[in-house]
Amino acid sequence: MRILHTSDWHLGRSLEGRSRLPEQVRFIDELCGIVEEEKTDMILIAGDIFDTVNPSAAAEELYYEALDRLAAGGLRAVVVIAGNHDSPERLCAAAPLALRQGITILGLPKEIVKPTGEDAGKVCRPAAGQGWAKIRIPGLSEMAVIAMLPYPSESRLNEVLTHSLEETELRLEYSQRVRQLFAVLGTNFQPDTVNLGLSHLYVRGGLESESERPIQLGGAPTVEPDVMPVNAHYIALGHLHRPQEVKGAPVPARYSGSPLAYSFSETGYAKSVMLIEAFPQKRAIYKEIVLSSGYPLVKWLAKEGLAQVHSWLEQGKDPTAWIDLELHLTEALNSQEIQALRRARERLINIRPVFPETRELVAEARAKLPIDDLFRHFYRARMNGAEPDSELVEVFMSLLNPRDDNYVDGNDEVEIA
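Before going further, it helps to examine the sheet that holds strand E10 (residues 193-200). Strands sit in the order E7-E8-E9-E10-E11-E13-E12 across an open sheet of seven strands; the sheet is mixed. A single partner strand is all that each edge strand has here, and the edge strands are strand E7 (124-129) and strand E12 (244-245). Across seven bridges, the pairing between strand E9 (residues 143-149) and E10 is parallel. Its bridge partner lying in E10, Ala 147 is registered against Gly 197. Packing of helix H6 (residues 167-186) onto the sheet brings it into contact with strand E8 (132-136), E9 and E10, and relative to E9 it is tilted by some 160°.

Put into structure tokens, the structure is as follows:
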């Protein structure tokens, strides 16, 4: 059985207000091409399909289109779980219709999966239960058992794991609960099936990036690597955006990572999906398939000023990349210079000027400066050297010292006419 593992699509996400949807469309095209080329039997999608719980209509349309193409009319199995960015209810809204195409969608950790009975011509679920399903794929002699654990926060588990506010105790209790959940799910694995785990969580020791914005209503700390079921062929994980293996896990467990770079911290490594080949009673083998559909995110550090940036532009440096530019200057850029830079490179996202006085300010003791002077320094650094007017400085100072004749706090008596 050939299985493809992907996660963290974050459909609808933007970069500093710039839409990434065209790149996400290209990723779906590339993913469908890989599935066809590699003759994939099953696709595992490990959560964070959307970037928000209320995705745009365009993002939802791309999601449904992707599932339809991947399922190939019920000839390929597709299994989807919710991540911390997904609304479980919204993700599963089309689950009854998706089931007709052999697609299994699970939103909550304790959700019951219903069997569908046998169907020789399409993907079906001969057996299923809470958080697991046995899946038959047309043309294959072996079946797969999938243990599914969507994002297991306390709120989505509907449990209070501990009343302690101590971080260490909370992590231990949470890790132990996830271990118990996996242990129960693992009892459904069978010697004659391909046994797979699918979850969206943060395993301790994993390498993070800045783009993993925490959305942890109800709390979900890290878990230990050894919580994974020991009798699985492979554990497909979502949440961390860097492709990586889980060190210390008892079985092969990996994060596939996000298909696109979603912050400027995600440099120096390729984006990818995982292809797994597994058979009953044999060790799974897997490989990373590098993706090319997303534009890279790069940082430019122009210590030699504006002339250096123009030289890079003329050379065609990083022609397809999103650019974060730190530009060292002695005087502020005017509006024409800023517009010329943006016209020269459409995907120039940030232009962050750095002036000599800004660098000197970092070195000196800021506490010696009055607060209004610190504000002026900050404003000049953020606004390309422009000076704040006196009224703005006065407003800022008034916010720091709000009390005046009209200010009322909880200890004041107020006369009501």
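Once that is clear, we can look at the packing of aromatic side chains. In the structure shown here, the tally under the stated rule is six aromatic pairs. Between Trp 9 and Phe 27 the ring centres are 5.6 Å apart and the planes differ by 75°, which places this aromatic pair in the edge-to-face class. Within this pair, whereas Trp 9 is found in the loop between strand E1 (2-6) and strand E2 (14-15), its partner Phe 27 is found in helix H1 (residues 21-37), the two being separated by 18 residues in sequence. Between Tyr 63 and Tyr 64, the aromatic rings sit 5.1 Å apart at their centres with planes inclined by 45°, giving tilted as the arrangement. With relative accessibility at 1%, the residue Tyr 63 sits in the buried group. Looking at Tyr 64, the relative accessible area reads 34%, which means it is partly exposed. These aromatic residues form a ring-pair network of at least three members: Phe 50, Tyr 63 and Tyr 64. Over the aromatic face of Trp 312 sits the side chain of Lys 317, whose NZ or CZ is 3.8 Å from the ring centroid. Positioned over the ring face of Trp 322 is Arg 347, at 5.8 Å from the centre of the ring.

Another aspect to go through is the environment of Tyr 151. You can see Tyr 151 is positioned in the loop between E9 and helix H5 (154-157). With a relative accessible area of 5%, Tyr 151 lands in the buried category. Through-space distance from the C-alpha of Tyr 151 to that of Leu 108 is 7.3 Å; in sequence the pair is 43 residues apart.

Right, let's talk about the environment of Glu 266 for a bit. Assignment of secondary structure puts Glu 266 in the loop between strand E13 (253-255) and strand E14 (272-277). Between the alpha carbons of Glu 266 and Pro 296 there is a distance of 8.8 Å; along the sequence they are 30 residues apart. A distance of 2.9 Å separates the side chain of Glu 266 from the backbone nitrogen of Tyr 262, its partner in a polar contact.

Before going further, it helps to examine a negative patch on the surface. Together, Glu 166, Glu 167, Glu 169 and Glu 173 give the surface a local cluster of negative charge. Locating Glu 167 in the fold gives a position in helix H6. Exposure remark for Glu 167: the relative accessible area of 61% places this residue in the exposed category.

Reading guide: rules and limits
Residues numbered from 1 in each chain as written. Predicted model: local features only at pLDDT ≥ 70, side-chain atom pairs only at ≥ 80, totals over all residues. Heavy atoms only, no water. Pairing = 2+ DSSP bridges. Helix = DSSP H or I, 4+ residues; strand = E, 2+ residues; numbered from the N terminus. Contact = heavy atoms within 4.5 Å. Axes fitted to C-alpha atoms, helices over the stretch in contact; angles between N-to-C directions. Phe/Tyr/Trp six-rings, centres within 6.5 Å; stacked < 30°, edge-to-face > 60°. Buried < 20%, exposed > 50% of the residue type's maximum accessible area, 1.4 Å probe, protein only. Lys NZ or Arg CZ within 6 Å of the ring centre and 35° of its normal. Polar contact = N/O pair within 3.5 Å; in protein donor to acceptor, adjacent residues only side chain to side chain. Patch = residues over 30% accessible without salt bridge, like charges linked within 9 Å, V, L, I, M, F, W, Y side chains within 5 Å. Areas by Shrake-Rupley, 256 points an atom, 1.4 Å probe, with all protein chains shown as cover. Salt bridge = Lys/Arg side-chain N within 4 Å of Asp/Glu carboxyl O. Lys, Arg positive; Asp, Glu negative; His and termini not counted. Charge placed at Lys NZ, Arg CZ, Asp CG, Glu CD.

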